[in-house]
Amino acid sequence: MEKILVLTHVDESGAELTRASLEAVAAGVEMAEALSASLAIGVVGAQGASAAQQLGGIKARVLTVSGEEFSCARYASDTAACEALVKAAEATLVFAPASSRFARVMPGVAYRLGGFVETHITALAKSDGLEATRWFYRQRIEAVVKRETRPWFLLLEAGTRAAFVGSGAVPEVETMAVTLPALRTKVIGVRAPKQGEQTIRPDAKILFVAGAGWTKKQADGQVHSAEAETLILGFLKAVDASLGSSKSLVDQSGENQTVLKFMTHMNQIGQTGATPRHPKGLSTCCHGEEPHVVGWRFINERRAISLDPNCGWARGKADVLYVADAFGVMAKVNALLTAGK
Ligand SMILES: Cc1cc2nc3c(=O)[nH]c(=O)nc-3n(C[C@H](O)[C@H](O)[C@H](O)COP(=O)(O)OP(=O)(O)OC[C@H]3O[C@@H](n4cnc5c(N)ncnc54)[C@H](O)[C@@H]3O)c2cc1C
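Residues numbered from 1 in each chain as written. Predicted model: local features only at pLDDT ≥ 70, side-chain atom pairs only at ≥ 80, totals over all residues.

Across its full length, the protein holds 9 helices and 14 strands. Considered along the principal axes of its C-alpha atoms, the protein spans approximately 70 × 45 × 40 Å. Per-residue burial over the protein gives 39% buried out of 341 residues. Long-range contacts, defined here as pairs at least 24 residues apart, represent 68% of the contacts in the protein between residues at least 6 apart. (Helix = DSSP H or I, 4+ residues; strand = E, 2+ residues; numbered from the N terminus. Buried ≥ 20, exposed ≤ 12 C-beta atoms within 10 Å, placed from the backbone. Contact = placed C-beta atoms within 7 Å.)

Take the site of the ligand next. Taken together, 30 residues surround the ligand, and among them Gly211, Gly213, Ser246, Gly270 and His292 come closest. When residues of the shell around the ligand are assigned to their parent elements, the largest contribution, 3 residues, is made by helix α7 (residues 247–251). Residue composition of the shell around the ligand, by class: 11 nonpolar, 14 polar and 5 charged. (Near = placed C-beta within 6 Å. Nonpolar A, V, L, I, M, F, W, Y, C, P; charged D, E, K, R; others polar.)

Right, let's talk about the domain arrangement of the protein for a bit. Assigned domains of the protein: these are domain 1 (3–175) and domain 2 (206–340). For domain 1 and domain 2, the distance between their C-alpha centres works out to 36 Å. (Domains from an automatic or database assignment.)

Looking now at the pairing of strand β13 (residues 299–306). Note: strand β12 (residues 278–284) against β13, 6 bridges, orientation parallel. Bridge pairing in β13 places serine 283 opposite alanine 304. Bridging between β13 and strand β14 (residues 320–323) involves 4 bridges; their strand directions are parallel. Each bridged residue has a counterpart across the sheet, and for arginine 303 the counterpart in β14 is valine 320. (Pairing = 2+ DSSP bridges.)

Turning our attention to the environment of arginine 303. Within the fold, arginine 303 resides in strand β13. Placed 19 residues apart in sequence, arginine 303 and tyrosine 322 show a C-alpha to C-alpha distance of 7.7 Å. If sequence neighbours within four positions are ignored, arginine 303 has contacts with Leu282, Ala318, Asp319 and Val320.

We now examine the nonpolar core. Of all hydrophobic cores here, the largest spans 54 residues; its most connected members are Leu5, Leu85, Val94, Phe95 and Ala96. Aside from chain neighbours lying at most four places away, what touches leucine 85 is Leu5, Leu7, Gly42, Leu63, Val65 and Met176. Core analysis: the second largest hydrophobic core is formed by 31 residues, Phe208, Ala241, Cys286 and Val293 among them. (Core = buried A, V, L, I, M, F, W, Y, C linked by C-beta atoms within 7 Å.)

Another point: unusual backbone geometry. Proline 151 follows arginine 150 through a cis peptide bond whose omega is 0 degrees. In this structure, glutamate 90 takes a positive phi of about 50 degrees despite not being glycine. With respect to the helices and strands, glutamate 90 occurs in the loop between α3 (75–89) and β4 (93–97). Of note in the backbone geometry, histidine 120 takes a positive phi value of approximately 55 degrees without being a glycine. Here histidine 120 lies in strand β5 (residues 116–127). Assessed through the 20 C-beta atoms surrounding it within 10 Å, histidine 120 is described here as buried.

With that out of the way, let us pick up the sheet that holds β13. With parallel pairing, the 5 strands of this open sheet are ordered in space as β11-β10-β12-β13-β14. A strand with exactly one partner marks an edge of an open sheet, and here the two such strands are β11 (242–245) and β14. Ignoring strand direction, the axes of neighbouring strands in this sheet form an average angle of 20 degrees. (Axes fitted to C-alpha atoms, helices over the stretch in contact; angles between N-to-C directions.)

Let us now look at the sheet that holds strand β9 (residues 173–175). The 9 strands are arranged β7-β6-β5-β8-β4-β1-β2-β3-β9 in an open sheet whose pairing can be described as mixed. At either margin of the open sheet sits one strand with a lone partner, and together these are β7 (141–145) and β9. The sheet shows a mean angle of 35 degrees between the axes of neighbouring strands, direction not considered. Across the sheet, helix α1 (residues 19–35) is in contact with β1 (3–9), β2 (38–45), β4, β5, β6 (129–136) and β8 (152–156); its angle to β1 comes to roughly 170 degrees. Along the sheet, α3 contacts β1, β2, β3 (61–66) and β4; its crossing angle with β3, the most-contacted strand, is approximately 155 degrees.

The next thing to look at is helix α6 (residues 225–239). An α-helix turns once every 3.6 residues. As a result, residues three or four positions apart point the same way. Its 15 residues give α6 an end-to-end C-alpha distance of 21 Å, which sits within 8% of 21 Å, the value for a rise of 1.5 Å per residue. Of the surrounding elements, those touching the buried residues of α6 are β10 (206–210), β11 and α9 (326–340). Positive backbone phi, at 55 degrees, marks aspartate 240, one or two positions downstream of α6. (Expected span 1.5 Å × (residues − 1).)

Here you go:
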């Protein structure tokens, strides 16, 4: 019989599981039932026991590794915690969120335990045992894989299933003691990309993409970057949209050109950028070239505003293209949104 362990970790608050962790828990519950496997949940964090409160009603053994050393991501402590949890659960299948915290430690944990790790998992199913669907080569090739090697570690992509919602009795929590190696790394803080505002919101219903056109000379021969910033931030705030960018726009900061201050390479969508998942997307002042639009593959409904009726969006890449001045359109949209509130 397979033994499934779902490894989870806390968010910045230290006391709650991340959404991606709860998605992995949902995967564990579903596959434990499908495969008639046993289920255990492992929680890593400073206050693992309080985070486990979110697992109300779950039919699983709940193990935690708690303490100040586990409050933040660090290779040495996180690998030790995950290794101890896998051993305690005697897991044959290990599901974990593909978060930056776990993605960097799981290959090391798999190696220590003689297992095999798989990344970019988007779906799990039962055939003759467990089979996993994953992407290769920056999401150009999709494969369905099975493995004999155990333990088999699967890093699950965030946003590919609904998160587990606990209801009912809070499970009993077993706290594991972990012997840590000498910790050479001391985490003294987090240095995040320069951003006045949090603009990347993976759970947003709308992706708003800004292209280089926002910082180009407009019909009056002038650049209107201050107005562009106000319009873009106004829309983001009004609808809680996530902000994406074309490569041309984010590259400008390195070329000493006019830039939008809140935009970084983290916002870039496309072949050499991100491939986010949102129900809707609105592209503005962007030409819609193929290396950019490949990053839109998981956006269900696509609209674009461009002055160019011959842009890439017009060639079958958008569901709706507005051939219009994005400054004018977004000013009107923001005014309507403000009036509607
Ligand atoms: C190997 C490789 C990888 C790449 N990877 C990526 C990637 O990951 N992501 C990415 O984005 N690009 C990528 N690119 C670059 C890509 O090919 C394009 O150069 C880039 O996307 C163009 O950005 P843009 O459309 O914002 O700028 P532009 O091509 O300059 O287009 C600006 C658009 O704004 C419009 N515009 C101007 N003013 C207005 C207005 N007032 N209202 C409405 N529209 C207006 C213009 O008509 C124009 O269509 C890659 C290229 C290569 C070679």
